[in-house]
Amino acid sequence: MSLLIDDVELWDGTGSPAQPKMSVEVRDGRIHWIGSASQWQGNRATVRVVDGRARTLIPGLMDCHVHYSSPGGPEWIARFTDPLPEISMRAIELAEASLRSGVTTVRDVGAPQGVSIRLARAARAGEIRAPNIRAAGTWIAHVGTYVSFARQFAEANELRDAIRTEIEAGADLIKVALAGWNEGARPKDAPDIPFDKKLLALAVEEAHKAGFKIACHANDPTSCRIAAHAGVDSLEHGMFLEAGDLEAMEKNKTYLVPTMSVWDAMLYYSRAVDWPEARRKRAEDLRQGSRAAVTAAIKAGVKIALGTDAGGGAARHGRIAREAELMVECGMKPGEALTAATSNAAKLIGEDERGTIEQGKIADMVLLDANPIENIGALRMIAAVFQEGRRVA
Ligand SMILES: [Zn+2]
């Protein structure tokens, strides 16, 4: 049976302004017809009608940076090393919660033991209720510089092998981490980052040669500099980016995925869990750095795609609205934040058939009980979520 979302305010993600009194008909999981509500010619008895009055319809949201293998919270890194059955079960629940919050596509950018690859497969097979998941497999990092459960390499040929291994295991994209100076705290007298410019160039070449995108974790000043100039597809976090780096990103068409929710959540936990003062102070500094970088990136015309880092930092899953709010606080218009969470995210991920509401595209859509162009917080007012034309929330 086809579906008609009737008489709705439509924000389609193409760059056109929102239009009132529109109707959208879905058939076989795709957008079949879009037009003025009064122009629809079908028979109401043969379609399922969803009342769109006083509601806004937007494309399904995309979160370009999640980790379903951890729930986030104050001990997020320890949660990645929970027993495998627990991680796997939890990942299924978190993916479903995320879908219900309006997120219909994600990149899961790093999981231990291939969890995200299996999760993505189960989602594709329709075995679980989850967003469309693009999985990065396991993080790739230089030995001893990042989390212990990353795939580690010491030399160039091992880096190539690591990338090939991820691809063979079924990863949809490659994720590398330049250094693990966690929370941006590079130890005094630390050696130069071993995963340097030369090695990153090799990783970019290897991934692109195989037709895969590459995302790069960069959360200290040196990593930001290296990643910004390397031609990676996306630079994750980036709270130490400076003017020259942003210029390089703009030139290389590298997306920034800011993950500002993480610092927000860290500040919350630093009070709620009684972290040492130094750690609270660092979280505050990182938050400031992140905001400054995002504001400068917007001005420099760097492409931005939304990512929360839910699970991979203190941020919890299912709170994508907060990240969009933070983008608006940093200077984006609500429509630009929505674009970062829909059509821009689709371009970064390589989802040609999603990200906008246009005839022929896959019908991933969110119906809201308020207008996010007036107030981006409306992303919390979920009335319904449609995935490939099927109502899932
Ligand atoms: Zn992450």
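Remember, it's a predicted structure, so these values are computed and weren't measured experimentally.

Chemist: Teacher, can you tell me more about the overall build of the chain here?
Modeler: If you tally the helices and strands in the chain, you get 12 helices and 17 strands. Expected size for 393 residues packed as a compact globule is a radius of gyration near 21 Å; at 21 Å, the chain falls within 12% of this value. Taken over the C-alpha atoms alone, the chain extends approximately 70 × 40 × 40 Å along its principal axes. In the chain, buried positions account for 57% of the 393 residues. Partitioning the contacts of the chain with sequence separation of at least 6, the portion at a separation of at least 24 is 67%. Charged side chains in the chain number 48 positive and 52 negative. The centres of these two groups are separated by 1 Å.

Chemist: Would you take a moment to explain the sheet that holds strand 11 (residues 174-177) for this structure?
Modeler: Neighbouring strands of a sheet are bound in pairs by backbone hydrogen bonds; such pairs are parallel or else antiparallel. Strand order in the open sheet formed by six strands is 10-9-11-12-13-14, and the pairing between neighbours is parallel. Looking at which strands have only one partner, the edges of the open sheet turn out to be strand 10 (151-153) and strand 14 (255-257). Direction aside, neighbouring strands of the sheet carry axes that sit 30° apart on average. As defined by bridge partners, strand 12 (residues 214-218) adjoins strand 13 (residues 234-237) across four bridges and the pair is classed as parallel. The residue of strand 13 that forms the bridge with Cys216 is Leu235. Its contacts with the sheet put helix 4 (residues 156-169) on strand 9 (140-142), strand 10 and strand 11, and the angle it makes with strand 10 is roughly 155°. Contacts from helix 6 (residues 221-229) reach strand 12 and strand 13 within the one sheet, and its direction differs from that of strand 12 by about 160°.

Chemist: In this structure, what is going on with the pattern of salt bridges? I would like to understand it.
Modeler: It is possible for side chains bearing opposite charge to pair when their charged atoms get close. Counted by the stated rule, this structure contains 33 salt bridges. Between Glu96 and Arg100 there is a salt bridge, with the nearest N and O atoms lying 3.0 Å from each other. Of the two residues, Glu96 and Arg100 are both situated in helix 2 (residues 84-100); the distance of four residues between them amounts to about one turn of the helix. Its relative accessible area of 26% is what places Glu96 among the partly exposed residues. Overall, the relative accessible area of 40% leaves Arg100 in the partly exposed class. Between Glu284 and Arg287 there is a salt bridge whose closest N-O contact spans 3.8 Å. One end of the pair is Glu284 and the other is Arg287, both in helix 9 (residues 277-300) and three residues apart, which spans about a single turn.

Conventions and cut-offs
- Residues numbered from 1 in each chain as written.
- Predicted model: local features only at pLDDT ≥ 70, side-chain atom pairs only at ≥ 80, totals over all residues.
- Heavy atoms only, no water.
- Helix = DSSP H or I, 4+ residues; strand = E, 2+ residues; numbered from the N terminus.
- Rg over C-alpha atoms; globule rule 2.2 N^0.38 Å.
- Buried < 20%, exposed > 50% of the residue type's maximum accessible area, 1.4 Å probe, protein only.
- Contact = heavy atoms within 4.5 Å.
- Lys, Arg positive; Asp, Glu negative; His and termini not counted.
- Charge placed at Lys NZ, Arg CZ, Asp CG, Glu CD.
- Pairing = 2+ DSSP bridges.
- Axes fitted to C-alpha atoms, helices over the stretch in contact; angles between N-to-C directions.
- Salt bridge = Lys/Arg side-chain N within 4 Å of Asp/Glu carboxyl O.

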